[in-house]
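Remarks on the overall topology
Okay, here's what each chain looks like letter by letter:
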Amino acid sequence: MSTSVAFAVHRLGLSEPGDLDSLRSVPVEAPVAIEYNGIGYAVMMATPDDLEAYAVGLTLGEGLADRAADIENVDIHQAGGGWIVRITLSAARMEPVLARARTRVSESGCGLCGMDNIDEVLRPLPPVTVRIATSRAAIASALAALPDHQPLARATGAVHAAAFCAPDGAILHACEDVGRHNALDKLVGTLALAGIDPASGFILLSARCSYELVEKTVRAGCPMLVTISAPTSLAVERATAAGLTLVALARADSALLLNDPHGSIA
(Lines give C-alpha, C1' and ligand atoms only; values in the text may rest on other atoms or scores of the structure.)
Protein backbone atom coordinates (compact mmCIF):
# COMPACT_ATOMS: atom_id res chain seq x y z
CA MET A 1 0.00 0.00 0.00
CA SER A 2 1.21 3.51 -0.73
CA THR A 3 2.64 5.49 2.19
CA SER A 4 2.92 8.83 0.41
CA VAL A 5 1.09 10.85 -2.23
CA ALA A 6 2.48 13.55 -4.52
CA PHE A 7 0.71 16.90 -4.68
CA ALA A 8 1.33 19.83 -7.00
CA VAL A 9 2.56 22.76 -4.91
CA HIS A 10 3.69 26.33 -5.51
CA ARG A 11 6.69 27.48 -3.50
CA LEU A 12 6.39 31.07 -2.34
CA GLY A 13 9.58 33.05 -2.01
CA LEU A 14 9.62 34.82 1.37
CA SER A 15 13.05 35.70 2.74
CA GLU A 16 14.48 34.11 -0.40
CA PRO A 17 13.22 35.42 -3.76
CA GLY A 18 11.78 33.21 -6.45
CA ASP A 19 8.61 31.18 -6.76
CA LEU A 20 8.58 27.62 -8.04
CA ASP A 21 5.99 25.06 -9.15
CA SER A 22 6.86 21.52 -8.10
CA LEU A 23 5.59 18.22 -6.73
CA ARG A 24 5.70 17.49 -3.02
CA SER A 25 5.33 14.09 -1.38
CA VAL A 26 3.14 14.02 1.73
CA PRO A 27 2.56 11.01 3.99
CA VAL A 28 -0.72 9.13 3.80
CA GLU A 29 -2.88 9.62 6.89
CA ALA A 30 -6.02 7.53 7.15
CA PRO A 31 -8.51 6.40 9.80
CA VAL A 32 -7.74 2.91 11.08
CA ALA A 33 -10.60 1.29 12.99
CA ILE A 34 -9.55 -1.22 15.63
CA GLU A 35 -11.93 -4.04 16.54
CA TYR A 36 -11.54 -6.85 19.06
CA ASN A 37 -13.74 -9.90 18.48
CA GLY A 38 -16.14 -7.70 16.50
CA ILE A 39 -16.33 -4.95 19.12
CA GLY A 40 -15.22 -1.46 18.09
CA TYR A 41 -12.36 -0.28 20.32
CA ALA A 42 -10.92 2.86 18.74
CA VAL A 43 -10.32 4.73 15.50
CA MET A 44 -6.76 5.93 15.10
CA MET A 45 -5.26 8.24 12.52
CA ALA A 46 -2.23 6.42 11.14
CA THR A 47 -0.05 5.73 8.13
CA PRO A 48 -1.65 2.53 6.75
CA ASP A 49 1.37 0.27 6.43
CA ASP A 50 2.70 -2.43 8.78
CA LEU A 51 -0.84 -2.68 10.14
CA GLU A 52 -0.41 -6.22 11.45
CA ALA A 53 2.61 -5.10 13.46
CA TYR A 54 0.64 -2.04 14.56
CA ALA A 55 -2.24 -4.23 15.75
CA VAL A 56 0.08 -6.46 17.74
CA GLY A 57 2.03 -3.56 19.23
CA LEU A 58 -1.12 -1.63 20.15
CA THR A 59 -2.65 -4.69 21.80
CA LEU A 60 0.49 -5.31 23.86
CA GLY A 61 0.90 -1.63 24.67
CA GLU A 62 -2.69 -1.33 25.86
CA GLY A 63 -2.21 -4.30 28.18
CA LEU A 64 -4.89 -6.30 26.36
CA ALA A 65 -2.43 -9.15 25.79
CA ASP A 66 0.79 -10.19 27.49
CA ARG A 67 2.46 -11.65 24.43
CA ALA A 68 1.91 -11.93 20.69
CA ALA A 69 0.75 -15.52 21.07
CA ASP A 70 -2.33 -14.25 22.97
CA ILE A 71 -3.52 -12.75 19.67
CA GLU A 72 -5.27 -15.46 17.69
CA ASN A 73 -5.71 -13.60 14.41
CA VAL A 74 -5.42 -10.21 12.70
CA ASP A 75 -7.53 -9.40 9.62
CA ILE A 76 -6.99 -6.16 7.72
CA HIS A 77 -9.53 -4.72 5.30
CA GLN A 78 -9.70 -1.49 3.33
CA ALA A 79 -13.09 0.18 3.73
CA GLY A 80 -14.10 3.47 2.15
CA GLY A 81 -11.47 6.05 2.98
CA GLY A 82 -9.84 4.03 5.73
CA TRP A 83 -8.95 0.61 7.08
CA ILE A 84 -10.47 -1.87 9.50
CA VAL A 85 -8.19 -4.03 11.63
CA ARG A 86 -10.06 -6.96 13.16
CA ILE A 87 -8.15 -8.58 16.01
CA THR A 88 -9.22 -11.88 17.54
CA LEU A 89 -8.44 -12.54 21.19
CA SER A 90 -9.40 -15.51 23.32
CA ALA A 91 -12.53 -15.05 25.41
CA ALA A 92 -10.37 -14.92 28.52
CA ARG A 93 -8.62 -11.77 27.24
CA MET A 94 -11.80 -9.86 26.41
CA GLU A 95 -12.74 -8.49 29.83
CA PRO A 96 -10.51 -5.37 29.61
CA VAL A 97 -11.66 -4.80 26.05
CA LEU A 98 -15.29 -4.87 27.07
CA ALA A 99 -14.57 -2.59 30.02
CA ARG A 100 -12.86 0.03 27.88
CA ALA A 101 -14.46 -0.43 24.46
CA ARG A 102 -15.92 2.58 22.70
CA THR A 103 -15.76 4.28 19.32
CA ARG A 104 -13.38 7.20 19.36
CA VAL A 105 -11.54 9.28 16.79
CA SER A 106 -8.11 10.47 17.85
CA GLU A 107 -5.15 12.11 16.19
CA SER A 108 -2.92 9.17 17.00
CA GLY A 109 -2.60 6.27 19.41
CA CYS A 110 -2.23 8.00 22.74
CA GLY A 111 -2.04 5.22 25.31
CA LEU A 112 -5.28 6.38 26.98
CA CYS A 113 -7.74 4.24 25.06
CA GLY A 114 -10.91 3.87 27.08
CA MET A 115 -9.46 5.22 30.33
CA ASP A 116 -11.84 7.49 32.18
CA ASN A 117 -10.18 8.27 35.52
CA ILE A 118 -6.85 9.55 36.80
CA ASP A 119 -6.10 6.50 38.95
CA GLU A 120 -6.31 4.26 35.89
CA VAL A 121 -4.01 6.54 33.90
CA LEU A 122 -1.44 6.56 36.71
CA ARG A 123 -1.67 2.89 37.62
CA PRO A 124 1.74 1.39 38.53
CA LEU A 125 3.85 0.06 35.70
CA PRO A 126 5.62 -3.29 35.83
CA PRO A 127 9.19 -2.70 37.05
CA VAL A 128 12.03 -2.83 34.55
CA THR A 129 14.28 -5.59 35.84
CA VAL A 130 16.42 -6.28 32.77
CA ARG A 131 19.45 -4.22 31.91
CA ILE A 132 21.78 -3.71 28.98
CA ALA A 133 25.32 -2.41 28.79
CA THR A 134 25.65 0.34 26.20
CA SER A 135 27.56 3.58 25.76
CA ARG A 136 27.27 7.19 24.70
CA ALA A 137 29.15 6.19 21.52
CA ALA A 138 26.40 3.67 20.74
CA ILE A 139 23.72 6.33 21.18
CA ALA A 140 25.64 8.68 18.88
CA SER A 141 26.01 5.90 16.30
CA ALA A 142 22.26 5.15 16.35
CA LEU A 143 21.39 8.83 15.99
CA ALA A 144 23.71 9.18 13.01
CA ALA A 145 22.25 6.08 11.32
CA LEU A 146 18.58 6.89 11.94
CA PRO A 147 18.04 9.04 8.81
CA ASP A 148 19.05 6.06 6.65
CA HIS A 149 16.09 4.15 8.13
CA GLN A 150 13.54 6.89 7.45
CA PRO A 151 12.62 6.69 3.74
CA LEU A 152 9.15 8.14 4.28
CA ALA A 153 10.56 11.02 6.33
CA ARG A 154 13.07 11.75 3.58
CA ALA A 155 10.28 11.83 1.03
CA THR A 156 7.81 13.86 3.07
CA GLY A 157 9.47 15.45 6.10
CA ALA A 158 6.28 14.75 8.07
CA VAL A 159 6.50 11.43 9.91
CA HIS A 160 8.02 10.01 13.08
CA ALA A 161 10.34 7.02 13.41
CA ALA A 162 10.82 4.39 16.11
CA ALA A 163 13.94 2.25 15.93
CA PHE A 164 15.17 -0.76 17.88
CA CYS A 165 18.91 -0.68 18.43
CA ALA A 166 21.44 -3.26 19.54
CA PRO A 167 23.58 -2.29 22.54
CA ASP A 168 26.35 -1.22 20.14
CA GLY A 169 23.97 1.24 18.45
CA ALA A 170 23.26 -0.76 15.29
CA ILE A 171 19.66 -0.21 14.17
CA LEU A 172 17.98 -3.59 13.74
CA HIS A 173 14.42 -2.48 12.91
CA ALA A 174 12.68 0.83 12.29
CA CYS A 175 9.08 1.85 11.66
CA GLU A 176 7.53 5.14 10.53
CA ASP A 177 4.12 6.73 10.99
CA VAL A 178 2.46 10.14 11.12
CA GLY A 179 1.84 9.45 14.82
CA ARG A 180 4.79 8.95 17.16
CA HIS A 181 2.73 6.52 19.27
CA ASN A 182 1.76 4.57 16.17
CA ALA A 183 5.39 4.29 15.09
CA LEU A 184 6.32 2.83 18.46
CA ASP A 185 3.36 0.42 18.41
CA LYS A 186 4.45 -0.75 14.96
CA LEU A 187 7.99 -1.30 16.22
CA VAL A 188 6.88 -3.27 19.28
CA GLY A 189 4.62 -5.37 17.06
CA THR A 190 7.41 -5.95 14.55
CA LEU A 191 9.71 -7.23 17.31
CA ALA A 192 6.98 -9.48 18.72
CA LEU A 193 6.18 -10.98 15.32
CA ALA A 194 9.89 -11.54 14.64
CA GLY A 195 10.47 -13.15 18.03
CA ILE A 196 12.98 -10.49 19.07
CA ASP A 197 13.22 -9.71 22.78
CA PRO A 198 12.99 -5.93 23.38
CA ALA A 199 15.11 -6.49 26.49
CA SER A 200 18.12 -7.10 24.26
CA GLY A 201 18.54 -3.49 23.11
CA PHE A 202 17.16 0.03 23.34
CA ILE A 203 14.51 2.09 21.56
CA LEU A 204 15.25 5.36 19.73
CA LEU A 205 12.41 7.76 18.88
CA SER A 206 12.40 10.83 16.65
CA ALA A 207 9.83 12.46 18.90
CA ARG A 208 9.01 14.36 22.07
CA CYS A 209 9.16 12.05 25.06
CA SER A 210 5.62 11.95 26.41
CA TYR A 211 4.66 9.66 29.27
CA GLU A 212 2.68 7.35 26.96
CA LEU A 213 5.88 6.51 25.07
CA VAL A 214 7.62 5.72 28.34
CA GLU A 215 4.75 3.41 29.29
CA LYS A 216 4.72 1.62 25.95
CA THR A 217 8.49 1.06 26.22
CA VAL A 218 8.21 -0.30 29.76
CA ARG A 219 5.30 -2.59 28.87
CA ALA A 220 7.28 -3.91 25.91
CA GLY A 221 10.02 -4.98 28.33
CA CYS A 222 12.70 -2.69 26.91
CA PRO A 223 15.18 -1.31 29.48
CA MET A 224 16.15 1.95 27.78
CA LEU A 225 14.46 4.72 25.77
CA VAL A 226 16.25 7.46 23.83
CA THR A 227 14.31 10.36 22.31
CA ILE A 228 15.46 13.18 20.10
CA SER A 229 13.20 15.79 21.71
CA ALA A 230 12.54 16.83 25.30
CA PRO A 231 10.53 14.88 27.88
CA THR A 232 7.49 15.89 29.88
CA SER A 233 7.57 15.87 33.68
CA LEU A 234 5.28 12.86 33.86
CA ALA A 235 7.48 10.95 31.41
CA VAL A 236 10.48 11.43 33.71
CA GLU A 237 8.48 10.53 36.82
CA ARG A 238 7.04 7.38 35.27
CA ALA A 239 10.42 6.29 33.88
CA THR A 240 12.03 6.80 37.29
CA ALA A 241 9.30 4.89 39.11
CA ALA A 242 9.52 1.97 36.69
CA GLY A 243 13.32 1.86 36.54
CA LEU A 244 13.56 2.72 32.84
CA THR A 245 16.80 4.27 31.62
CA LEU A 246 15.72 7.48 29.91
CA VAL A 247 17.76 9.70 27.60
CA ALA A 248 16.22 12.75 25.93
CA LEU A 249 17.24 15.69 23.75
CA ALA A 250 19.68 13.30 22.11
CA ARG A 251 21.59 15.22 19.47
CA ALA A 252 24.91 14.79 17.69
CA ASP A 253 26.74 16.87 20.30
CA SER A 254 25.00 15.95 23.56
CA ALA A 255 22.09 14.25 25.32
CA LEU A 256 20.28 14.52 28.65
CA LEU A 257 20.51 11.48 30.92
CA LEU A 258 17.35 11.70 33.04
CA ASN A 259 17.34 8.28 34.68
CA ASP A 260 19.83 5.42 34.65
CA PRO A 261 19.19 3.25 37.71
CA HIS A 262 21.33 0.37 36.50
CA GLY A 263 24.31 2.36 35.21
CA SER A 264 23.61 1.13 31.69
CA ILE A 265 25.48 3.88 29.83
CA ALA A 266 29.27 4.00 29.94
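The following paragraphs examine the structure supplied in this document. (Residues numbered from 1 in each chain as written. Predicted model: local features only at pLDDT ≥ 70, side-chain atom pairs only at ≥ 80, totals over all residues. Heavy atoms only, no water.)

Next up on the list: helix 4 (residues 136-145). Residues of helix 4 that are buried: A138, I139, A142 and L143. What you see down the axis of helix 4 is that its buried residues fit within an arc of 135°, all on one side. Facing away from the buried surface of helix 4 by more than 90 degrees, the exposed residues are R136, A137 and A144. (Buried < 20%, exposed > 50% of the residue type's maximum accessible area, 1.4 Å probe, protein only. Helix = DSSP H or I, 4+ residues; strand = E, 2+ residues; numbered from the N terminus. Arc of directions from axis to C-beta.)

A few words now on the sheet that holds strand 8 (residues 160-165). Reading across from one edge, 9-8-10-11-12-13 is the order of the six strands in this open sheet, with mixed pairing throughout. The open sheet has two edge strands, strand 9 (171-177) and strand 13 (256-259), and neither has a second partner. Adjacent strand axes in the sheet meet at a mean angle of 20°, parallel and antiparallel pairs treated alike. As paired elements, strand 11 (residues 224-227) and strand 12 (residues 245-248) share three bridges and run parallel to each other. Paired with M224 across the bridge in strand 12 is T245. Most of the contacts of helix 6 (residues 180-194) go to strand 9, to which it runs at about 140°, and overall it touches strand 8, strand 9 and strand 10 (202-205). (Pairing = 2+ DSSP bridges. Axes fitted to C-alpha atoms, helices over the stretch in contact; angles between N-to-C directions. Contact = heavy atoms within 4.5 Å.)

This part takes up empty space enclosed by the protein. Over the atoms, a rolled probe matching the size of one water molecule traces out where space is still vacant. If you walk through the whole model with that rule in mind, you get two cavities of 30 Å³ or more. By volume, the second largest cavity is sized at about 30 Å³. If you go around the second largest cavity, the residues you meet are G57, L60, G61, D185, V188, K216, R219 and A220. Broken down by secondary-structure element, the contributors of at least two residues to the lining of the second largest cavity are helix 1 (51-61), helix 6 and helix 7 (211-220). When its residues are assigned to classes, the lining of the second largest cavity shows three nonpolar, two polar and three charged. (1 Å grid on protein atoms, 1.4 Å probe; cavity = no way out; pocket = protein on both sides within 12 Å on 5 of 7 lines; lining within 4 Å. Points joined across faces, edges and corners; volume = space filled by probe spheres on them. Nonpolar A, V, L, I, M, F, W, Y, C, P; charged D, E, K, R; others polar.)

Quick look at the packing of helix 6 against helix 7 now. If you want to describe how two helices pack, look at the angle between their axes and the distance between the axes. Here helix 6 crosses helix 7 at 5°, and the two axes come no closer than 10 Å. Overall, the two elements helix 6 and helix 7 adopt an arrangement that is roughly parallel. Residues R180, H181, L184, D185 and V188 of helix 6 lie in contact with helix 7, whose contacting residues are E212, L213, K216, T217 and A220. Residue composition of the contact of helix 6 with helix 7, by class: four nonpolar, two polar and four charged. (Parallel < 35°, antiparallel > 145°, perpendicular 65-115°, else oblique.)

Once that is clear, we can look at a nonpolar patch on the surface. On the surface, a nonpolar cluster with roughly 230 Å² of combined accessible area is contributed by V5, F7 and V9. Relative to the elements of secondary structure, F7 occurs in strand 1 (residues 4-11). (Patch = residues over 30% accessible without salt bridge, like charges linked within 9 Å, V, L, I, M, F, W, Y side chains within 5 Å. Areas by Shrake-Rupley, 256 points an atom, 1.4 Å probe, with all protein chains shown as cover. Salt bridge = Lys/Arg side-chain N within 4 Å of Asp/Glu carboxyl O.)

Applying the stated criterion across every chain yields a total of zero disulfides. With no disulfide of its own, C165 has C222 as its nearest cysteine by sulfur position, at a separation of 8.9 Å. According to the relative accessible area criterion, C165 is buried, its value standing at 0%. (Disulfide = S-S within 2.5 Å.)

Turning our eyes to something else, we now look at the pairing of strand 12. Residues T245 and V247 line one face of strand 12 and the alternating positions L246 and A248 line the opposite face, and both faces are buried. Read from strand 11 through helix 8 (residues 233-242) to strand 12, the crossover connection turns out right-handed. As judged from the three bridges shared by strand 12 and strand 13, these two strands associate in the antiparallel manner. By the bridge assignment for strand 13, V247 is matched with L257. (Right-handed = clockwise from strand over helix to strand, strands pointing away.)

The N-to-C vectors of helix 1 and helix 6 enclose an angle of 100°; their axes lie 6 Å apart at closest approach. Between helix 1 and helix 6, the crossing angle belongs to the class labelled roughly perpendicular. Across the interface between the two elements, E52, A53, Y54, V56, G57, L58 and L60 of helix 1 pack against N182, D185, K186, V188, G189, T190, A192 and L193 of helix 6. Along the lines of polarity and charge, the residues of the contact of helix 1 with helix 6 split into eight nonpolar, four polar and three charged.

Burial within helix 7 is extensive, with eight of its 10 residues counted as buried. Taken residue by residue, helix 7 has Y211, E212, L213, V214, E215, K216, T217 and V218 as its buried positions. Positive phi appears at G221, one or two residues downstream of helix 7, with a value of about 90°.

Keep in mind these values describe shape, not function.
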